[in-house]
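Chain by chain, the residues:
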Amino acid sequence: MTKSRASSTSSAWVRVRHEIISCTRCPRLVRYRQKVAREKRRQFKDWKYWGAPLPGFGDTKAELVIIGLAPAAHGGNRTGRMFTGDGSARFLMRALHAAGFASQPTSEHRRDGLKMMKSFMTAAVRCPPPRNRPSARELANCSGYLDRELALLTPTRVVLTLGHVAFESYLGRLRRRGVHTRLTFKHAETYSMPAGFPPMVASYHPSRQNTQTGRLTSAMMDQALTAVKQVLSGN
């Protein structure tokens, strides 16, 4: 990459990050994220909550892009980083570290030293939605940010979607590019995509509800990441 192209790409990342953080398109989500940041949880009463939309985080030359649902109200919305400071983050980061995609098995705060290894984490929605249920309009409002991040993330070789909403959000990107395909969600399944789009591996979301009920176990998460590594190795 030439210096001018690298500078242009860097500027594009700065712009999209600024636009995401300053976004106020969804009044319901703005009210909710601010309410959570103001009222806090007792164990986090001394924290200054982030309380703003979240841009993606990780290696901007990532081979693996991980798409989640949205920041957790007292996780990313508190810490200011995707998959940081809650049970989902702890479950996911242990698995990513073991698979070689994260520098450490913990993700607790923005200055904890975590580095993503050829991987990048983002989400379908950038603010925590009440009851983890974004509306169709809220998903649509955030879709442009996902598109722009994915366009800047080159050369992505595989996308890991965490949960059905992320799964449909990636398919939505294809539809917005004129590609219409019907796929059925299945955990640890690898889906080939049309030329110009990285293949997708699907996983259940590492929510506390899923991990505590056994719908998603550590072995199942490892199974999905094994499928990711098989794509990267060309097998």
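Quantities reported herein were computed from a predicted structural model and do not represent experimental measurements.

Visitor: Could you clarify how one ought to interpret the packing of aromatic side chains in this entry?
Guide: In this description, an aromatic ring pair is defined by two values, namely the gap between the centres and the angle between the planes. Enumeration according to the criterion identifies 4 aromatic pairs in this entry. Pairing Trp13 with Phe120 gives two aromatic rings, centres 5.4 Å apart and planes at 45°, and the pair type is tilted. With a gap of 107 residues between them, Trp13 in helix 1 (residues 3-21) and Phe120 in strand 3 (residues 119-123) connect regions that are remote in the sequence. Take Trp13 and Phe120: they sit in the same class, and that class is buried. Ring centres of Phe185 and Tyr204 lie 5.5 Å apart, and the angle between their planes is 50°; on these two criteria the pair is classed as tilted. Of this pair, Phe185 sits in the loop between helix 6 (164-176) and strand 5 (190-191) while Tyr204 is found in the loop between strand 6 (200-203) and helix 7 (208-213), placing the two residues 19 residues apart along the sequence. One aromatic cluster is present, formed by Phe167, Phe185, Tyr191 and Tyr204 through successive ring pairs.

Visitor: For this particular structure, what's the right way to read helix 2 (residues 27-39)?
Guide: Note on helix geometry: an α-helix contains 3.6 residues per turn, so any two residues three or four positions apart are oriented the same way. Its 13 residues give helix 2 an end-to-end C-alpha distance of 18 Å, which sits within 8% of 18 Å, the value for a rise of 1.5 Å per residue. In this structure, the buried residues of helix 2 make contact with helix 3 (76-79) and helix 5 (136-152). Lys40 lies just past helix 2 and shows a positive phi near 60°.

Visitor: How do you make sense of the side chain of Ser119 when you look at a structure like this?
Guide: Tracing the backbone through its elements, the reader meets Ser119 in strand 3. Taking relative accessible area as the criterion, Ser119 reaches 0% and is therefore assigned buried. A polar side-chain atom of Ser119 sits 2.8 Å from the main-chain carbonyl oxygen of Phe101. Setting aside anything within four residues of it in sequence, one finds Ser119 in contact with Gly58, Asp59, Ala62, Leu64 and Phe101.

Visitor: Mind showing me how you'd approach the pairing of strand 2 (residues 64-68) here?
Guide: Strand residues, when the strand is regular, have side chains that alternate between the two faces of the sheet. Of all 5 residues making up strand 2, 5 are buried, and the element is well covered by its neighbours. Burial along strand 2 is two-sided: the residues Leu64, Ile66 and Gly68 and Val65 and Ile67 are all buried. Bridging between strand 2 and strand 3 involves 5 bridges; their strand directions are parallel. Counted as the bridge partner of Ile66 is Met121 from strand 3. When strand 2 meets strand 4 (residues 158-162), the two strands line up parallel, connected through 4 bridges. Across the sheet, residue Ile67 finds its bridge partner in strand 4, namely Thr161.

Visitor: Explain the packing of helix 4 (residues 87-99) against helix 8 (residues 218-233) to me, please; I cannot follow it from the model alone.
Guide: Axes are the key here: two packed helices are described by the angle between their axes and the distance separating the axes. Interaxial distance between helix 4 and helix 8 falls to 10 Å at its minimum, and their mutual angle equals 45°. Here helix 4 is positioned oblique relative to helix 8, judged by the angle of their axes. Pair helix 4 / helix 8 crosses with right-handed handedness. Side by side, helix 4 and helix 8 meet where Phe91, Leu92, Ala95, Leu96 and Ala99 of the first sit next to Ser218, Met221, Asp222, Leu225 and Lys229 of the second. When its residues are assigned to classes, the contact of helix 4 with helix 8 shows 7 nonpolar, 1 polar and 2 charged.

Visitor: When you look at the pattern of salt bridges in this model, what are you seeing that I'm missing?
Guide: When their charged atoms lie close together, side chains carrying opposite charge are able to pair. The tally for this structure, following the rule as stated, stands at 10 salt bridges. A salt bridge links Glu19 to Arg148; the nearest nitrogen and oxygen atoms lie 2.6 Å apart. With a gap of 129 residues between them, Glu19 in helix 1 and Arg148 in helix 5 connect regions that are remote in the sequence. With a closest N to O distance of 2.9 Å, Arg28 and Glu138 form a salt bridge. Here Arg28, found in helix 2, pairs with Glu138, found in helix 5; they are 110 residues apart in sequence, far enough to count as distant. Its relative accessible area of 27% is what places Arg28 among the partly exposed residues. Each member of the salt-bridge network shares a partner with another, and the members are Asp147, Arg173 and Arg176.

Cut-off values and rules
- Residues numbered from 1 in each chain as written.
- Predicted model: local features only at pLDDT ≥ 70, side-chain atom pairs only at ≥ 80, totals over all residues.
- Heavy atoms only, no water.
- Phe/Tyr/Trp six-rings, centres within 6.5 Å; stacked < 30°, edge-to-face > 60°.
- Helix = DSSP H or I, 4+ residues; strand = E, 2+ residues; numbered from the N terminus.
- Buried < 20%, exposed > 50% of the residue type's maximum accessible area, 1.4 Å probe, protein only.
- Expected span 1.5 Å × (residues − 1).
- Contact = heavy atoms within 4.5 Å.
- Polar contact = N/O pair within 3.5 Å; in protein donor to acceptor, adjacent residues only side chain to side chain.
- Pairing = 2+ DSSP bridges.
- Axes fitted to C-alpha atoms, helices over the stretch in contact; angles between N-to-C directions.
- Parallel < 35°, antiparallel > 145°, perpendicular 65-115°, else oblique.
- Left-handed = near helix turned anticlockwise from the far one by under 90°.
- Nonpolar A, V, L, I, M, F, W, Y, C, P; charged D, E, K, R; others polar.
- Salt bridge = Lys/Arg side-chain N within 4 Å of Asp/Glu carboxyl O.

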